[in-house]
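# Observations on the three-dimensional arrangement
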Amino acid sequence: MHDESQILGYQPGSGFIYQLNATTKLVFMLLVSAACMITYDTRFLVAIGIFSIFLFKEANIKWRQISFIVKFIVAFMVLNLLFVYLFQPTYGENIYHSKSILIHAGYFTLTIQEVFYLFNLLLKYVCSIPIVLLFLLTTNPSQFAASLNRIGISYKISYAVALALRYIPDIQNSYWAISAAQQARGVELSKKAKLSKRIKGTLNIVMPLIFTSLDRIDTISTAMQLRRFGSKKKRTWYVAESFNENDFWIMGLAVVLVLVVVLLWWLDHGRFYNPFV
Amino acid sequence: MKTRGLSVKNVVAIGIGSAIYVILARFTSIPTPIPNTNIELVFPFLALLAAIYGAKVGFAVGFIGHALSDFIMYGQTWWSWVLATGIFGLIIGLSSKRLDLKNGIFGIKQIIFFNIVQILANAIAWIAVAPVGDILIYSEPANKVFVQGISATISNGITIMIVGTLLLKAYAGTKIKKGSLRKED
């Protein structure tokens, strides 16, 4: 049978992070992950990495909630780092303008600079992934949509995102229902089947799924039209919450972190922190 | 009733389309014997949706669907590839007026036109937008990201040529042809 935990979703809980406003969490996540995306300053990344792991501990999230996705991410991360290395083993020395060889191996000669660059790439994952996972696990989807509207995205787009989050479990259910029905008819979908058979089998699920969902679009849009959706320039949200003191502190912290990245850019003369020169 | 900006139908199409995108991206990626290359059935779907609802919906479903599925599956987003998926939907959506799927017409001429557009859209999205974004945002090595882009173009191009054409044909078949009703003599 399929495993429900294969897709991340909100799970109610209690604690400091759950009490924060969804807008605060969204702003914090966007600013901090943007900061981690831009900078390659090792000191900053290490600090944020430790901080985000600490936050994760604080939220009391259970390992089984995230074990699947963490394994998935680690596999992907290792593969990506390997590809970065294989395609251009000299990339590190180009960035840091120096070369100290660790292992001689022709094209694949490994330098300390390359290892340092790969280590920075790895740190970027360690920084941003816990924060994003935390956001997903502790934020109610409806509040998420309301907070998108609050940071200036048009309410129609926010509502579309809310609809998407609302219908992902439904469509997942119909996917598994159709899949079970096709397998009962003898369609083989596992790894044992030949590639061409698997493609055909998957198409047998995808086609009905798409066409029933297209019908769903018509039904839902008629229902929304009857309720006069979209006739006004603004709309309010049932789940919208007001800010409290902690929210301002957290948002302030996010802004400070972005300013630190700007400062580091100026200090390092660019996005890379270079300990070699 | 005339609404400014997105119509209600477009809003719903973006919402449900993104939800289907997430599910298809998660469950229907079929690995091939070629390493690191998967057959992604989600792109033919995106092409169909863009061809039905147009450029705005195509862009939004690509962008939101890809961003959500990245978030939910990896806990991280590659914004350069998210943007590229959006642009891919946008370009196919631009051709929706000429395709005229809603009137149930999808003959040889339209099939050829659709495939030219989709190959163009693939090339722009994966060979131009995504790698350049990877280099600018993430400063990854250039040859790695271009090889990834070219392999994505080829595998998605072929998948859409076969599955996408089938999907559009099937969709056109469910619509009533323009002028198919005749007045009785």
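Residues numbered from 1 in each chain as written. Chains lettered and ligands numbered in written order. Predicted model: local features only at pLDDT ≥ 70, side-chain atom pairs only at ≥ 80, totals over all residues. Heavy atoms only, no water.

This is how the line gets drawn: UniProt positions are given in the numbering used here, feature names are shortened, and annotations may be inferred rather than shown by experiment.
An unreviewed UniProt entry annotates chain B as UPF0397 protein FC59_GL000149 originating from Lactobacillus kitasatonis DSM 16761 = JCM 1039. A UniProt comment under Subcellular location (unreviewed entry) is attached to chain B, and it reads "Cell membrane". Heading Sequence similarities (unreviewed entry) of the UniProt record for chain B holds this comment: "Belongs to the UPF0397 family."

Looking at an unreviewed UniProt entry, one finds chain A named ABC transporter permease protein and attributed to Lactobacillus kitasatonis DSM 16761 = JCM 1039. We quote the UniProt Subcellular location (unreviewed entry) comment for chain A here in full: "Membrane".

## Concerning the overall build of chain A
We apply this condition: The secondary structure listing takes helices from DSSP runs of H or I that are at least 4 residues long and strands from runs of E that are at least 2 residues long, numbered from the N terminus. The atom set for the radius of gyration is the C-alpha atoms, and the globule formula is 2.2 Å times the number of residues raised to the power 0.38. With a 1.4 Å probe rolled over the protein chains alone, any residue whose accessible area is under 20% of its type maximum counts as buried; one over 50% counts as exposed, and the rest are partly exposed. Contact definition: two residues touch when any of their heavy atoms are within 4.5 Å. All accessible areas in this document rest on Shrake-Rupley with a 1.4 Å probe, and a residue is counted as covered only by the protein chains that are shown. Just so you know, the count uses Lys and Arg for positive and Asp and Glu for negative, and it drops His and the chain ends. For this purpose, a charge sits on NZ of Lys, CZ of Arg, CG of Asp or CD of Glu.
A tally of helices and strands in chain A yields 10 helices and two strands. Mapped in sequence order, the helices and strands of chain A form the string α-α-α-α-α-β-β-α-α-α-α-α. The globule rule puts the C-alpha radius of gyration for 277 residues at 19 Å, and the 23 Å found for chain A is more than 25% above it. If you line up chain A on its principal axes, its C-alpha atoms span 65 × 60 × 35 Å. Within chain A, the fraction of its 277 residues that count as buried is 47%. Here the contacts in chain A between residues at least 6 apart in sequence split such that 74% fall between residues at least 24 apart. Per element, the accessible surface of chain A, about 15000 Å² overall, is 64% carbon and sulfur. Counting 26 positive and 14 negative side-chain charges, chain A places the averaged centre of each group 8 Å from the other.

## Comments concerning the pattern of salt bridges
The following threshold applies: Basic side-chain nitrogens of Lys or Arg form a salt bridge, by our definition, when they fall within 4 Å of a carboxyl oxygen of Asp or Glu.
In the structure shown here, the tally under the stated rule is six salt bridges over all chains. Linking B:Lys9 and A:Asp218 is a salt bridge whose minimum nitrogen-to-oxygen distance equals 2.9 Å. A residue pair is termed interchain when its members come from two chains, as with B:Lys9 in helix 1 (residues 8-27) and A:Asp218 in helix 9 (residues 195-226). Note that B:Glu140 is salt-bridged to B:Lys144, the shortest N-O span being 2.8 Å. The pair formed by B:Glu140 and B:Lys144 is uniform in burial state, with each residue classed as buried. Through salt bridges that share partners, A:Asp41, A:Arg43 and A:Asp268 make up one connected network.

## Side note on the UniProt feature "transmembrane region" (unreviewed entry) in chain B
Within this numbering scheme, the UniProt entry marks residues 12-29, 41-66, 78-99, 111-133 and 145-168 of chain B as carrying the feature "transmembrane region" (unreviewed entry). Summarising residues 145-168 of chain B: 100% helix, 0% strand, and an end-to-end C-alpha distance of 31 Å.

## Overview of the interface of chain A and chain B
Here is the rule: When two parts are put together, the accessible area they lose, computed with a 1.4 Å probe and summed over both, is reported as buried area. Two N or O atoms form a polar contact when they lie within 3.5 Å of each other; inside protein one atom must be a possible hydrogen donor and the other a possible acceptor, and for residues adjacent in sequence the pair counts only when both atoms belong to side chains. Charged residues are taken to be Asp, Glu, Lys and Arg, nonpolar residues to be Ala, Val, Leu, Ile, Met, Phe, Trp, Tyr, Cys and Pro, and polar residues to be all remaining types, Gly included.
The partner chain B presents 59 residues to the 63 residues of chain A that form the contact. In total, about 5700 Å² of surface goes out of reach between chain A and chain B, with carbon and sulfur atoms giving 77% of it. Taken as a group, A:Met37, A:Phe87 and A:Ile217 account for 10% of the area that chain A buries against chain B, more than any other trio of residues on that side. Our count for the chain A to chain B interface comes out at six residue pairs in polar contact (both at pLDDT 80 or more). Taken together, the elements giving at least two residues each to the side of chain A that touches chain B come down to helix 2 (22-38), helix 4 (63-87), helix 6 (112-138), helix 8 (155-184) and helix 9 of chain A. For the side of chain A that touches chain B, the element with the most residues is helix 9 of chain A, which contributes 18 residues. Class assignment of the residues belonging to the side of chain A that touches chain B gives a composition of 47 nonpolar, 10 polar and six charged.

## What to know about the environment of A:Asp218
For A:Asp218, a relative accessible area of 29% gives the class partly exposed. Apart from the residues lying within four places of it in its own chain, the contact partners of A:Asp218 are B:Lys9 and B:Tyr53. Reaching out from A:Asp218, the side chain makes a polar contact with the side chain of B:Lys9 at a distance of 2.9 Å.

## As for the packing of helix 2 of chain A against helix 7 (residues 141-150) of chain A
All names here are of chain A. Filter applied, for reference: Helix axes are fitted only over the stretch in contact, all axes being lines through C-alpha atoms; the angle between N-to-C directions runs from 0 to 180 degrees. Roughly parallel means an angle under 35 degrees; roughly antiparallel means over 145; roughly perpendicular covers 65 to 115; every other angle is labelled oblique. Note: crossing handedness is left-handed where the near helix turns anticlockwise from the far helix by less than a right angle, and right-handed where it turns clockwise.
Relative to each other, helix 2 and helix 7 sit at 70°, their axes nearing to 8 Å. Comparing the axis directions of helix 2 and helix 7 gives the class roughly perpendicular. In terms of crossing hand, the pair formed by helix 2 and helix 7 is right-handed. Counting all contacts with helix 2, which are made through Ala22, Thr23 and Leu26, the residues of helix 7 involved are Gln143, Phe144, Ser147, Leu148 and Arg150. Residues of the contact of helix 2 with helix 7, tallied by class, amount to four nonpolar, three polar and one charged.

## Quick word on the packing of aromatic side chains
We count it as follows: Here a pair means two rings of Phe, Tyr or Trp (six-membered ring of Trp) with centres within 6.5 Å. Their orientation is stacked below 30 degrees between planes, edge-to-face above 60, and tilted elsewhere. The criterion for a charge sitting over a ring is simple: Lys NZ or Arg CZ within 6 Å of the ring centre, and within 35 degrees of the ring normal.
By the definition in use, this model includes 29 aromatic pairs over all chains. Ring plane angle 25° and centroid distance 6.0 Å describe the contact between A:Phe83 and A:Phe87, whose orientation is recorded as stacked. Here A:Phe87 and A:Phe83 lie together in helix 4, a separation of four residues that amounts to about one turn. Classification of A:Phe83 by relative accessible area gives partly exposed; the value is 22%. Assessed through its relative accessible area of 22%, A:Phe87 is described here as partly exposed. Relative to A:Trp176, the ring of A:Tyr175 lies with its centre 5.3 Å away and its plane at 85°, an arrangement referred to as edge-to-face. The class of A:Tyr175 is buried, set by a relative accessible area of 5%. Judged by relative accessible area, A:Trp176 falls into the partly exposed class, the value being 24%. What links up through ring pairs into an aromatic cluster is the set A:Tyr40, A:Tyr91, A:Tyr96, A:Phe116, A:Tyr117, A:Phe272 and A:Phe276. Sitting over the face of the ring of A:Phe72, B:Arg26 holds its NZ or CZ atom 5.8 Å from the ring centroid.

## Points about helix 2 (residues 42-53) of chain B
Residue and element names in this part refer to chain B. This is how the line gets drawn: Under the convention used throughout, the expected extent of a helix is 1.5 Å for every residue step, that is, one less than its residue count.
Helix length check: helix 2 (12 residues) gives 16 Å between terminal C-alpha atoms against 16 Å at 1.5 Å per residue, within 8%. Here helix 2 lies mainly inside the structure; 12 of its 12 residues are buried. Turning to helix 2, its buried residues are Val42, Phe43, Pro44, Phe45, Leu46, Ala47, Leu48, Leu49, Ala50, Ala51, Ile52 and Tyr53. Downstream of helix 2 by one or two residues, Gly54 has phi in the positive range, about 95°.

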